[in-house]
Structures are given as C-alpha cells and as structure tokens.
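What follows is each chain in one-letter form.
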Amino acid sequence: MLNPQRSLSELSNMSGPSQAERAVLEEEFNWLLKEEVHAVLKQLQDILKEASRRFSMPTPGLESQLKQENFILGSSTHHQQQFSNLPGFESMTSMDQVKGVLTLQGEALTQADINLKTAKSNQVMHFTFRDDKHWKLQQIQDARNHVNQALQLLSSRDESYHFKTGAEVNKLMDAVMLQLTRARNRLTTPAAMTLPELATSGLTMFTPPMPGDVMVNFYINLSKLCLTVYQLHPMQPNTTKNFRPSGSSVLHNPGAMFELNNAKFEVSQVHKVECVVPWLNNTLLFFTISLQLCQQLKDKISVFSSFWNYRPF
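Let me sum up the structure you'll find in this document.

Procedures and definitions
Residues numbered from 1 in each chain as written. Predicted model: local features only at pLDDT ≥ 70, side-chain atom pairs only at ≥ 80, totals over all residues. Heavy atoms only, no water. Helix = DSSP H or I, 4+ residues; strand = E, 2+ residues; numbered from the N terminus. Buried < 20%, exposed > 50% of the residue type's maximum accessible area, 1.4 Å probe, protein only. Contact = heavy atoms within 4.5 Å. Axes fitted to C-alpha atoms, helices over the stretch in contact; angles between N-to-C directions. Parallel < 35°, antiparallel > 145°, perpendicular 65-115°, else oblique. Left-handed = near helix turned anticlockwise from the far one by under 90°. Nonpolar A, V, L, I, M, F, W, Y, C, P; charged D, E, K, R; others polar. Polar contact = N/O pair within 3.5 Å; in protein donor to acceptor, adjacent residues only side chain to side chain. Phe/Tyr/Trp six-rings, centres within 6.5 Å; stacked < 30°, edge-to-face > 60°. Salt bridge = Lys/Arg side-chain N within 4 Å of Asp/Glu carboxyl O.

1. Examining the overall build of the chain
Point 1. Assigned secondary structure in the chain consists of seven helices and eleven strands.
Point 2. Relative to its 313 residues, the chain shows a buried fraction of 44%.
Point 3. Nonlocal contacts in the chain, meaning residues at least 24 apart in sequence, comprise 72% of its contacts between residues at least 6 apart.

This is the structure we're talking about:
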C-alpha cells in the first residue's frame, strides 16, 4: 500500500531514489498492480452495472414489466420568423402553443400526447402516437451499448488476473474511458438531421396525422427529453426570395428552407419544450465518476514511472 505519510506530490518531487528507496517503491508499485487495480476495477463494475440497469431493455414477451415513465413537457424556447404580409403570425410563448405528456419505456417513447395551437388558425390540435408505433431513441440504445462494452472490458480481467506492467493497466483504462466518453457523448450530442429527414421521420406516427405544415423531432440532450415542433410556410413557386436549402442541424432556426416532393418550404416558427429525466442525470454522473476513477489510477501509475531512470512497464 502507498505510504500514507508520503503523498504523490512529495514522491514526484524527489529527484532520484536510493537503492533502498527504489526497493520500497517497487514493493508499493507491485501492491498497486496486485491489489489496488482490482479494487478500482470492482468499483467501476459496480457503478457501470447500475448505469446499465437504468438502460434496461424489455425481455421478449415481458415488455409490460419494464417501467413506463410519464413526463410533462415544460416551456423552453420559442423562435418565430415574422411574415409581415401574412395574417395570423402573432407572438406566442412555447407553452401557449405546445403542451404534452411523453411516455418513456427503456429506449423508446411508447406514447406522446401532444396539444398544438397553430398561429394561423389559433385552434388547438390534439395528436397521439398510433397504437402500433413508438419513437425509438437511438441515443439511449447507443449509450447502453457503450456501457456494456466497457463492462465487458472490465470483466475480462477478474481478480485472479495478475497485471504485470503499468502499461497494461493504462491500456485497459484507455479502452474503458473511450467507451464511457462515447456513451456520454451520445447523450450530450443529439444527432443532426436535415429538414427533409425530419419531414419524413414522423409521417406515419400520429393519429390523426400531423398536417403537412408541421414537423416534430424527439431527442435527448444531457438529462432532458426534448420535443421540437416546426411550423412551416409553403414558399410560392414565383417567389423572389433566394432559395437556400439548409443542411443538417440539431435545431433549425426560423427562415431555414428545404424542398420535399417538388415543393419548397420555409420554417416560420420553432418551439422547443422539454422535461428532465432524473435517471439520465444520474447516469451522466456515473459516467463522470467512472472517468475520474480511471484517470486517478492512470495518474498513480504515472507517478511511479517517474522514479525509474528506465521504464519498468
């Protein structure tokens, strides 16, 4: 075990160990490889197993046993493109225009109950998912897959395995950290999509069907489940406005243009509403703690390596 009276910073400030000092350091380093590394691996496995449990998938035939969670959407942001020559485009808040409840089960939205007030008609339209449809959240599935890959890496070195070098430990930590970083990034970085992709993704999801001038997108951003609603304005064929189709983006702004089935559209309003998913927040915390544990173990090995004129690992 590391001498409690000698901190890592004190060790790193010593210029060159004597032969006796070298023997003590080597004994402590061997203890780290044999005991402390496995203690950290066990701690990492416990944390990531809990994270993986929160990503649990329904067992075939037992889908009803996977917990369903309902989330009420709250107001977030509202953006509007002003069309001075068009009646009905009045300023409203997102909460005025979009309200709803989302049902999350594992990696899928199994139901969405959405009320949408359009600026043109000022009428409230009600939409729900069709009974045979659900919206798969690919971000959750990808994050779970990366967590499981990290667990497989950790379980490949059980307590009976003897690490021979620090480099071997570092290689394992780097591989685990890569999977954890990818898992975290999938939850913090939603996929960018083009407007035509958004227009076609939800065509058959709802009953009654969404009108042609409305598009929706669901995604995860950090610990939040987000719904973005786009209201569109059809562009006239003889319009003098320059048509500049937009590329991929997580969130498209008012004024963005696209073409679909030989018709051109411009985004007139964007409403983003969201709700916090507590277990996603906990999962991101698990990722942060696990990454810190990996880095701390690498730092300890690095301190030992600075005491040998040659590299013992």
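2. As for the packing of helix 5 (residues 166–188) against helix 7 (residues 278–305)
Point 1. Close contact between helix 5 and helix 7 brings their axes to 10 Å; oriented N to C, the two are set at 160 degrees. Relative to helix 7, helix 5 is oriented roughly antiparallel. Note on packing geometry: the crossing formed by helix 5 with helix 7 is left-handed.
Point 2. For the contact of helix 5 with helix 7, a count of residues per class yields 14 nonpolar, seven polar and three charged.

3. Comments concerning the side chain of Gln141
Point 1. As for its placement among the helices and strands, Gln141 is situated in helix 4 (residues 138–155).
Point 2. Given a relative accessible area of 17%, Gln141 falls into the buried group.
Point 3. One polar contact links Gln141 to Lys136, side chain to side chain, over a distance of 2.6 Å.
Point 4. Excluding anything up to four places from it in sequence, Gln141 contacts Glu107 and Lys136.

4. Considering the environment of Asn185
Point 1. The topology assignment puts Asn185 in helix 5.
Point 2. Expressed as a C-alpha distance, the spacing of Asn185 and Gln139, which sit 46 residues apart in the sequence, is 9.2 Å.

5. Notes on the environment of Arg184
Point 1. Mapped onto the elements of the fold, Arg184 is located in helix 5.
Point 2. Once you skip the residues sitting within four places of it in the chain, Arg184 turns out to touch Leu284, Phe287, Thr288 and Leu291.

6. Considerations on the packing of aromatic side chains
Point 1. Counted according to the given criterion, the structure contains six aromatic pairs.
Point 2. Aromatic side chains Phe127 and Phe206 sit 6.4 Å apart centroid to centroid with 75 degrees between the ring planes, which places their arrangement in the edge-to-face category. Taken together, the positions of Phe127 in strand 5 (residues 124–129) and Phe206 in strand 7 (residues 206–207) put the pair 79 residues apart, joining distant regions of the chain.
Point 3. On the accessibility criterion, Phe127 (2% relative accessible area) is buried.

7. Some remarks on the pattern of salt bridges
Where side chains of opposite charge bring their charged atoms close, a pairing between them can arise.
Point 1. Under the defined criterion, the tally for this structure stands at nine salt bridges.
Point 2. The closest approach of N and O atoms between Glu36 and Lys300, which form a salt bridge, is 2.2 Å. Taken together, the residues Glu36 in helix 2 (residues 19–54) and Lys300 in helix 7 connect sequence positions 264 residues apart.
Point 3. Under the relative-accessibility criterion, Glu36 is labelled buried at 14%.
Point 4. Put simply, Glu274 and Lys224 hold a salt bridge, and the shortest N to O gap is 2.9 Å. Remark: Lys224 occurs in strand 9 (residues 224–234) and Glu274 occurs in strand 11 (residues 263–276); sequence separation between them is 50 residues.
Point 5. Residue class for Glu274 comes out buried when judged on its relative accessible area of 16%.
Point 6. For Lys224, a relative accessible area of 32% puts it in the partly exposed group.
Point 7. Each of the salt bridges in this network shares a partner with another, and the network as a whole consists of Lys224, Lys272 and Glu274.

By themselves, these observations are geometric and do not establish any function.
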